[in-house]
Number of protein chains: 4
Amino acid sequence: MESPVTHWNDDDFDLNGDTLHEECGVFGILGHGDASTLTALGLHALQHRGQEAAGIVSFDGRQFHQEKHMGLVGDHYTDPAVLAKLPGNIAIGHTRYSTTGEVALRNVQPLFAELEVGGIAIAHNGNFTNGLTLRRQIIATGAICQSTSDSEVVLHLIARSRHSSSTDRFIDAIRQMEGGYAMLAMTRTKLIAARDPVGIRPLVMGELDGKPIFCSETCALDIVGAKYVRDVENGEVIICEMQPDGSISIEERKPARPVPERPCLFEYVYFARPDSMVSGRSVYTARKNMGINLAKESPVDADVVVPVPDGGTPAAIGFAQQSGIPFELGIIRNHYVGRTFIEPTQQIRAFGVRLKHSANRAEIAGKRVVLVDDSIVRGTTSVKIIQMIRDAGATEVHIRVASPMIFHSDYYGIDTPDPDKLLANQYGDLDAMCRYIGADSLAFLSIDGLYQAVGGEKRNPKAPQFTDHYFTGDYPTQLTDLHGRTMSDPKQISLLKEAG
Amino acid sequence: MESPVTHWNDDDFDLNGDTLHEECGVFGILGHGDASTLTALGLHALQHRGQEAAGIVSFDGRQFHQEKHMGLVGDHYTDPAVLAKLPGNIAIGHTRYSTTGEVALRNVQPLFAELEVGGIAIAHNGNFTNGLTLRRQIIATGAICQSTSDSEVVLHLIARSRHSSSTDRFIDAIRQMEGGYAMLAMTRTKLIAARDPVGIRPLVMGELDGKPIFCSETCALDIVGAKYVRDVENGEVIICEMQPDGSISIEERKPARPVPERPCLFEYVYFARPDSMVSGRSVYTARKNMGINLAKESPVDADVVVPVPDGGTPAAIGFAQQSGIPFELGIIRNHYVGRTFIEPTQQIRAFGVRLKHSANRAEIAGKRVVLVDDSIVRGTTSVKIIQMIRDAGATEVHIRVASPMIFHSDYYGIDTPDPDKLLANQYGDLDAMCRYIGADSLAFLSIDGLYQAVGGEKRNPKAPQFTDHYFTGDYPTQLTDLHGRTMSDPKQISLLKEAG
Amino acid sequence: MESPVTHWNDDDFDLNGDTLHEECGVFGILGHGDASTLTALGLHALQHRGQEAAGIVSFDGRQFHQEKHMGLVGDHYTDPAVLAKLPGNIAIGHTRYSTTGEVALRNVQPLFAELEVGGIAIAHNGNFTNGLTLRRQIIATGAICQSTSDSEVVLHLIARSRHSSSTDRFIDAIRQMEGGYAMLAMTRTKLIAARDPVGIRPLVMGELDGKPIFCSETCALDIVGAKYVRDVENGEVIICEMQPDGSISIEERKPARPVPERPCLFEYVYFARPDSMVSGRSVYTARKNMGINLAKESPVDADVVVPVPDGGTPAAIGFAQQSGIPFELGIIRNHYVGRTFIEPTQQIRAFGVRLKHSANRAEIAGKRVVLVDDSIVRGTTSVKIIQMIRDAGATEVHIRVASPMIFHSDYYGIDTPDPDKLLANQYGDLDAMCRYIGADSLAFLSIDGLYQAVGGEKRNPKAPQFTDHYFTGDYPTQLTDLHGRTMSDPKQISLLKEAG
Amino acid sequence: MESPVTHWNDDDFDLNGDTLHEECGVFGILGHGDASTLTALGLHALQHRGQEAAGIVSFDGRQFHQEKHMGLVGDHYTDPAVLAKLPGNIAIGHTRYSTTGEVALRNVQPLFAELEVGGIAIAHNGNFTNGLTLRRQIIATGAICQSTSDSEVVLHLIARSRHSSSTDRFIDAIRQMEGGYAMLAMTRTKLIAARDPVGIRPLVMGELDGKPIFCSETCALDIVGAKYVRDVENGEVIICEMQPDGSISIEERKPARPVPERPCLFEYVYFARPDSMVSGRSVYTARKNMGINLAKESPVDADVVVPVPDGGTPAAIGFAQQSGIPFELGIIRNHYVGRTFIEPTQQIRAFGVRLKHSANRAEIAGKRVVLVDDSIVRGTTSVKIIQMIRDAGATEVHIRVASPMIFHSDYYGIDTPDPDKLLANQYGDLDAMCRYIGADSLAFLSIDGLYQAVGGEKRNPKAPQFTDHYFTGDYPTQLTDLHGRTMSDPKQISLLKEAG
């Protein structure tokens, strides 16, 4: 029912599944005459958080309007005809890379429900660690789930709540949810934002022409020229409501027991856009610091520092500044790579990495090269890139990774491969890993080096300042679905299979 | 999300809304290895009952599969790639012209729900006269309605039923429904068929290779070479179940209080395909009898009998045989007219009827013409056709209509215009109507003439043998939504507006 | 580069290639403000002459405009956005079923060329029997052929002509062409119409608001409300030119040596629309006469006369009127059959004829049936239809064909199968043919019966009044390509293969 | 006839036409079993040279095959079904941004012609300065031009040549052409490469598995793993021919009078990919040298060097290395910007530059910023970027441009705006320009600085080593069309307007 997405992007053209995927970005605005247009622009700025589909819901004072499309924001939501179908001055939007649920349109958020008290739409980034357990409970009592999205569980909990106000129903519902999430909800008059108790996923508040905006990253504020107000705090629910006199009231609630914030480190390492501020810290600066710390921890005698584009670039700049070795674009990225580059033959499959990247021979040949990458997941891409650099005439190739080794799965919205496919789990030690990828030397940033780069201080083992279970195994919440064994076959959430 | 339907058909290219529309056709089969293919063929044979969208659900022993597409059956369901996504030996399908609900894909049937007891899919032809009333009741108790289809209400009633068996839940649900319907349901092992207590909408049972089939008309049995077994009786529920040994059990239940059957007369007048048997009577023969009775009731001295294609052809043959006046194709139908013939200018709008029909001048010029049509709704098309016949040189144009005047709305699945737009309501008497359409004479078949043509006997005013409220105002069921005033704005069932 | 055509029509859904195909229809108008819209309407009326692609060229006083699209006229040319790209008050259009050349867009007519004297566009129906011979000659002298259409040869001959006026160049070109054609050409001020010396293909002249129209059949005049003026005579060239004062001059020329007209009989038997007049004779009346003569020549004792829809209907009416046997719609045609009904499995392939046609059991069962068809090409469809009628319970099935047996190929624009695939060539006598198709009796109309039905007189063997070589082998022109053996592999006209 | 291209890229999303456009890339290979696949890969590597359309022609030993599609290479040519339509072991391909001719599919190269001596296909990058003059001459003598591409003129000259061998005909044709071009031709057995006498446009020869390849840049050799052999020399024609024994002969001819090579400087400044070698020089190194020379010529006291991505990055690295000021990514580019980002409202139009770029506030705020860009055309983008940097808190913004001011139009394949729209022509002096764009200081690289960066030596005014007329007005060839005034309305090459 939908033409295939025809874009290439860095994450999608991943021949070996050798990257991590963030699932979503959210954006909402209340009280602005261009609500849908601003939401489309905000989602465009958050496109790196999910390229599979996007949806927007608006309310025009009388009726809710909904548009959902597979593909990039720019493919659909810049068409005046589409925006014209989203009138009104309240809107929330969502761009998604699916972690749970198939990629069917029925799973694309925001999800909408008509309640007795009126319509409500919700959109969230993150994942609930007790979503399946709750899903089974509500189906057993007569609910019909139309999607396989775990967000629909929240919607049912809202619909079934005994409270009369939509705010109380919303809080009633999210109190039952466990995991990491940044969630937006909208009713006919309200825009509600909520962040999980630990603050795993990011969510910021901004302001444009005096109207409140909530979005996943500050870059979505910048694109519309909005002012950054503050981060939504962990465990906080902010309810903005349009009053009869046209003013907007803002109520702040903290329904959960207060615990210290632990934002996800991978937002700094890989997901967030470098120009964003996450929990008040510049992502770019954090990454450059990772490169600086990496150069201090694992120096190397070389002729040139080359980033693996685009993720490794800020760390490579830091590494070069710290080490004094010249920074050069030794790998050129092809901007025209997208999803439709189907590999027709085995022969082309071999070109995989060259379709995306090519060696800049003039800066490589005869040189000792330090390649700086943001992270290594399975290592298959590293193998190909190192081979490409050697083919271009490098005399030595040293790999420096601006984050620690990854050992554990994520359950908060990052799509990780099976743990036994992770490079760190496949090879016992650094030497074996280095031999496998074919480098002359290999070093990862230490966990303390990473903590210092992002937050200025070493990891506090008794109360870690960040979410870091992929490196350490220390999960910040309960994992009910996992331990309750409700996830016998987590891939088959639904009995119904439907084409996307 | 869906390319516009690109077909022209008789009903759709209706410049003035001057026809009635049937809403749906259903087909289901249990235990056959080619279940989806046979369902696609059956729906193709039922295409005249709804051209807007079609859906099929199948079950492969492990998982349910669903395909829904806007457009004709042949546009999608004959693609091997689509059928390959519908494996299994149970399937039900639905082809639809929407009467209630928008034309969004989320409203296309069959509708599916995952219950605690397993998945269930339902599809129906008809309309519930208490659907909105029930919808509001279940939303008030925490249900979330994802579609605006009144079929979803049935699904929720099944999900909420306290019974444990799916059959009992199904019967529990339809017992609460009022109106006219022919409904199919399927679970992992069962195919269930149900017809409303009065038997307004048609539903027949067939058999292919020993496997049961249910479908709206016998023409869907003929296309797959299946044998007609019997009509599903009014108020009957038939449950076919696949047994562990591969055999199929058939259970017949009659949950409703028995009342006499009153099939809808318009199936004979206009909707059903002429080669179908409805309630055991040949539709073609009934139509020819209408023409014979019309010639007896309202003879005319003329040179040629010309049908208004294609609906009027059987009655015109009957009229010619009874009157002895030669039958000629005085109007030629253009087979290439479809939905996409957008009229770009006011000038082209005037060509409306000529795009579909043209006068066969050689058989018209200088002749006294009897035009035989199946029915007259608003009369706007009649005006244009009569003008076209006069332009082609006819000396006289007499209209003979093979059914009575239409005065009343339908609430059982036929899409009727506002009553005050009906020709019979706009003009007080036959003479005024005749002048308006520009004919030399005008006559309608009497209600008794119609009853005799279809059933062999006159109308029994105390216990009418057929559903005939559009002619008589005698509705065969309660009209709860209408009289309960729950339909304040029946066009806005949902608060959500979504593109189709 | 073009989405597949998504329409079903009678000719295209031809599982066995068991029909003949006409190739084209043409329409042109000079001096009318709605030139393109009228041309689109005219082509819609001529849609039965070619459903694969359509093109229109217009001139707006400054520039020529061209639109070409695969598919039906109504798919594209009724879109206001498309018509807006065709401004001006001169336009010619073409709808095509390809006989020579691949179905690539580059072959879709009208073809346009920029000459030193200005632009010219041409469109024609028919085929040149010396097209390949001339094509090779002009390529040898430096011309570049961009299409595989034989019309392009005409364009090159015009471009190379030494004459200065476009009219003289046009006449210079067509004088070199041999075969059957109805051709339109347009320049910045002229609309030119030409018909081949024998008058094989039809072409009529009409008038709307005082502006000249040329088109293949009168039905294209009727749809726009234009008046029929006369047929273009065989061998005639009519040049209409817009004068500086806004008036239109009309010049009639006869460059070829005068010979008697011999219009193609198959226009009457099958191709032309029944409501058209061809060479002054009603097609419908001719077909009914064929049925009358057939009933006289080959009467049969039966209960019911059933047409094979839609081609056999007028002859069946004639047969019934002559024989006194009742005419009934014993076969119902499915209007929703189109090109996209891909047969997914061998099983569905068997449903072939049932997808298009179904037996009206109530009028067939227990009866002796006379089936009347317009013609038999290969006979494969007849086999299936007769079987379907027997399955529906007919006690006898008699076939009456309203034209003679076909033995020979056409080279004037009708797409005939290889002669050895024709039923008449595969079986020595009528009895063998009757056994093959499975009928109780079989009869064809005699050649004299056909001549009388169409023209009122028997065939004059010394000077036949019609083109009839498919029946008789008597070709009305030279066949240079065929006899000059330039058609070594007539399927490969071009060295270039290109997707449509 | 073609779905709109749905990609965003740097050049296309040019709200103000404020970049220069290269027109084309070419690739050809002879004798390789994967000819079409390799050609598709090569064109993908050359995608930056033209994103509007791409075409490939192959020859399979019996027939030529052609595919042409609007859009990116990866949109179509990686589909196995498309490549399967391009069998054979000879292929040439072309990717295009149109400079002359509309963007209709008929203008997409390669162009093919059937000559008496067999088929020939040609593709070229560049522009002929006497193309229109020749076009008019050949039309006057009876040729029909089907495209508005000036390449078609070459095809006609080949077709009309009196020589018998295709090589001689090709040389005969290009001898008549004047301008800048890199041209490929293929026949059934030959692959021919030709470069214009001055060597304006680049063309290199490579080798894969012993089979010859020609392409616009070395990056297209790298992607398929081919070896660089040498540049095609200015004025050289290289003819590779498949011999009956399977070997490939290579013939080198120099039909033109030898003159010194003058490659286009803009290839180094902007067009070529940084990892390519052009005329034996690394493009990346040349650009870094430009930045080094710029820092020497126009130093500035600042805190941070920020490239305008992506064009300015190598020069910014050079500038930072030379000046010792840290290099930082102060502007982040959005990779998801493409052509479909239609601006629905005036409000969104203002977001123009922010859709593509955003300021990295953490590295900008409170800093003195040196922005390094590759070139300035109209300056409209510079205005917006400088404003964005100031909005992000920069205390000073200094612009350094790594090429001289642009004053003159190009006629060799670079699409330049009207000269009076160029920033350098709109403002008399550097100060006025600086004020207009809103910078604190502005400096351009000198022409000698550019010559030294690319070739190591200053410009030789008597015999300039490079093509540099856009800076200097010194055109390296005659400009016949321009001076012959044949280009009265150069936008209207054809009388025919056709949708793309």
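Conventions adopted
- Residues numbered from 1 in each chain as written.
- Chains lettered and ligands numbered in written order.
- Predicted model: local features only at pLDDT ≥ 70, side-chain atom pairs only at ≥ 80, totals over all residues.
- Heavy atoms only, no water.
- Helix = DSSP H or I, 4+ residues; strand = E, 2+ residues; numbered from the N terminus.
- Polar contact = N/O pair within 3.5 Å; in protein donor to acceptor, adjacent residues only side chain to side chain.
- Contact = heavy atoms within 4.5 Å.
- Buried < 20%, exposed > 50% of the residue type's maximum accessible area, 1.4 Å probe, protein only.
- Lys, Arg positive; Asp, Glu negative; His and termini not counted.
- Salt bridge = Lys/Arg side-chain N within 4 Å of Asp/Glu carboxyl O.
- Buried area = accessible area lost by both parts, 1.4 Å probe.
- Nonpolar A, V, L, I, M, F, W, Y, C, P; charged D, E, K, R; others polar.
- Expected span 1.5 Å × (residues − 1).

Asker: Help me out: how do you make sense of the side chain of B:Arg273 in this one?
Answerer: Inspection of the secondary structure assignment puts B:Arg273 in the loop between helix 8 (265–271) and strand 15 (277–278). One polar contact links B:Arg273 to C:Ser358, side chain to side chain, over a distance of 2.8 Å. Setting aside residues up to four positions removed in sequence, B:Arg273 forms contacts with B:Ala45, B:His48, B:Glu217, B:Cys219, B:Val283, C:Ile332, C:Asn334 and C:Ser358.

Asker: What should I look at first to understand the side chain of C:Asp374 in this one?
Answerer: Residues and elements named next belong to chain C. Among the structural elements, Asp374 can be located in the loop between strand 20 (368–373) and helix 14 (380–391). No salt bridge is formed by the buried Asp374; its nearest oppositely charged neighbour, Arg287, is found at 7.2 Å. Polar side-chain contacts of Asp374 include one of 2.7 Å to the side chain of Ser375. With residues up to four places along the chain from it excluded, the contact list for Asp374 reads Val269, Tyr270, Gly311, Gly312, Val401, Ala402 and Ser403.

Asker: In this structure, what is going on with the interface of chain C and chain B? I would like to understand it.
Answerer: Put simply, an interface is often sized by how much accessible area is lost when its parts join up. Listed by partner, the interface residues are 61 residues for chain C and 61 residues for chain B. The contact between chain C and chain B buries some 5100 Å² in all, and 60% of this surface belongs to carbon and sulfur atoms. Its largest share of buried area at the contact with chain B, chain C owes to C:His44, C:Thr78 and C:Tyr336, together 13% of the area lost on that side. Counting the contacts that link chain C with chain B gives six salt bridges. Linking C:Arg361 and B:Asp222 is a salt bridge whose minimum nitrogen-to-oxygen distance equals 3.6 Å. Connecting chain C to chain B are 17 residue pairs in polar contact (both at pLDDT 80 or more). With five residues, helix 1 (residues 35–45) of chain C is the single largest residue contributor to the side of chain C that touches chain B. Within the side of chain C that touches chain B, the residues separate by chemical class into 26 nonpolar, 22 polar and 13 charged.

Asker: Would you take a moment to explain helix 9 (residues 283–297) of chain B for this structure?
Answerer: Given 3.6 residues to a turn, an α-helix orients residues that are three or four positions apart in the same direction. All names here are of chain B. With 15 residues, helix 9 extends 21 Å between its outermost C-alpha atoms, agreeing within 8% with the 21 Å of an ideal straight helix rising 1.5 Å per residue. Most of helix 9 sits out of view: 11 of its 15 residues are buried. Looking at helix 9, one finds that the buried residues are Val283, Tyr284, Ala286, Arg287, Lys288, Met290, Gly291, Ile292, Asn293, Leu294 and Ala295. For helix 9, the N-terminal capping position is held by Ser282, with its side-chain oxygen 3.4 Å away from the main-chain nitrogen of Tyr284.

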